[in-house]
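Observations on chain architecture
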Amino acid sequence: MNAKDTLGTTPGSERARDEAWTREEFEAQLRAKGTAYHIHHPFNVKMNSGGCSPEQIRGWVANRFYYQINIPLKDAAVMSNCPDRETRRRWVLRILDHDGYGAARKAASKHGHAWAMQWASHATSCGRSNT
C-alpha cells in the first residue's frame, strides 16, 4: 500500500501538487471516499439487512446514544482551543442543538432535545431503560 499525499496521489507522481483535477477525476476521488462511509461497515450492512440479534441492536443503541451525548463535550473542547470569536459563535450553536437551550427557550427550540428523546424512544423499544 502506497502512502498518499493530500491530493490522494502517490508522492513523486507526475501530478503537481497545485494542479487541479478534471471534473471527472474530482468526482472519482470523491466517490472513492464514499466507500469508507459507515453504511458500508460490515456491522451496519448486517444490521440494515436484518441480520443482527436483539442484543446486538440493544448494544448498537447504547453505543450510539453514548456517542451522541458526548458530542457537546467534544464541541466544547474544540471551542476552548479556538482563537477566532466568529468561529466560536457559530460552533456554540452545535452545543445548543445537542444540549438544548434550557427552560426559557424550550418552546423556541424545535430540535433542542429532540435527538435525546428519539434515542430514548429507540432504547425503550429495544428493551433498555432510558435512565
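Each remark here, short or long, concerns the structure printed above.
First, a word on scope: everything that follows refers to the structure included in this document. (Residues numbered from 1 in each chain as written. Predicted model: local features only at pLDDT ≥ 70, side-chain atom pairs only at ≥ 80, totals over all residues. Heavy atoms only, no water.)

What to know about the environment of Asn81
Rules: Think of it this way: any DSSP run of H or I at least four residues long counts as a helix, any run of E at least two long counts as a strand, and we number them from the N terminus. Counting of polar contacts relies on pairs of N or O atoms within 3.5 Å, with two restrictions inside protein: one atom must be capable of donating a hydrogen and the other of accepting it, and residues adjacent in sequence are counted only when both atoms are side-chain atoms.
You can see Asn81 is positioned in the loop between α3 (54–80) and α4 (85–99). There is a polar contact of 3.2 Å between the side chain of Asn81 and the backbone oxygen of Ala77.

Focus on the side chain of Asp75
The condition is simple: We call two residues in contact whenever any of their non-hydrogen atoms come within 4.5 Å of each other.
With respect to the secondary-structure elements, Asp75 resides in helix α3. Those residues in contact with Asp75 that sit more than four places away from it in its chain are Trp91, Arg94 and Ile95.

Some words on the pattern of salt bridges
As a reminder of what qualifies: The salt bridge definition used is simple: a Lys or Arg side-chain nitrogen within 4 Å of an Asp or Glu carboxyl oxygen.
Tallying each qualifying case throughout the model produces five salt bridges. The closest approach of N and O atoms between Arg89 and Glu86, which form a salt bridge, is 2.7 Å. With Arg89 and Glu86 both in helix α4 and three residues apart, the pair spans about one turn of that helix. One salt-bridge network, held together by shared partners, links Lys74, Asp75 and Arg94.

A closer look at α3
Where we set the bar: To estimate the expected span of a helix, count its residues, drop one, and scale the result by 1.5 Å. One axis is fitted to the seven residues ending at the residue and one to the seven starting there. The bend at that residue is the angle between these axes. Under the scheme applied here, a residue whose accessible area is under 20% of the maximum for its type counts as buried, over 50% as exposed, and between as partly exposed, the area being computed with a 1.4 Å probe on protein chains only.
With 27 residues, α3 extends 40 Å from end C-alpha to end C-alpha; this agrees with the ideal 39 Å at 1.5 Å per step. The axis of α3 is deflected most strongly, by about 35°, at Asn70, and proline Pro72 appears within four residues downstream. Residues Val61, Gln68, Ile71, Pro72, Asp75 and Met79 constitute the buried set of α3.

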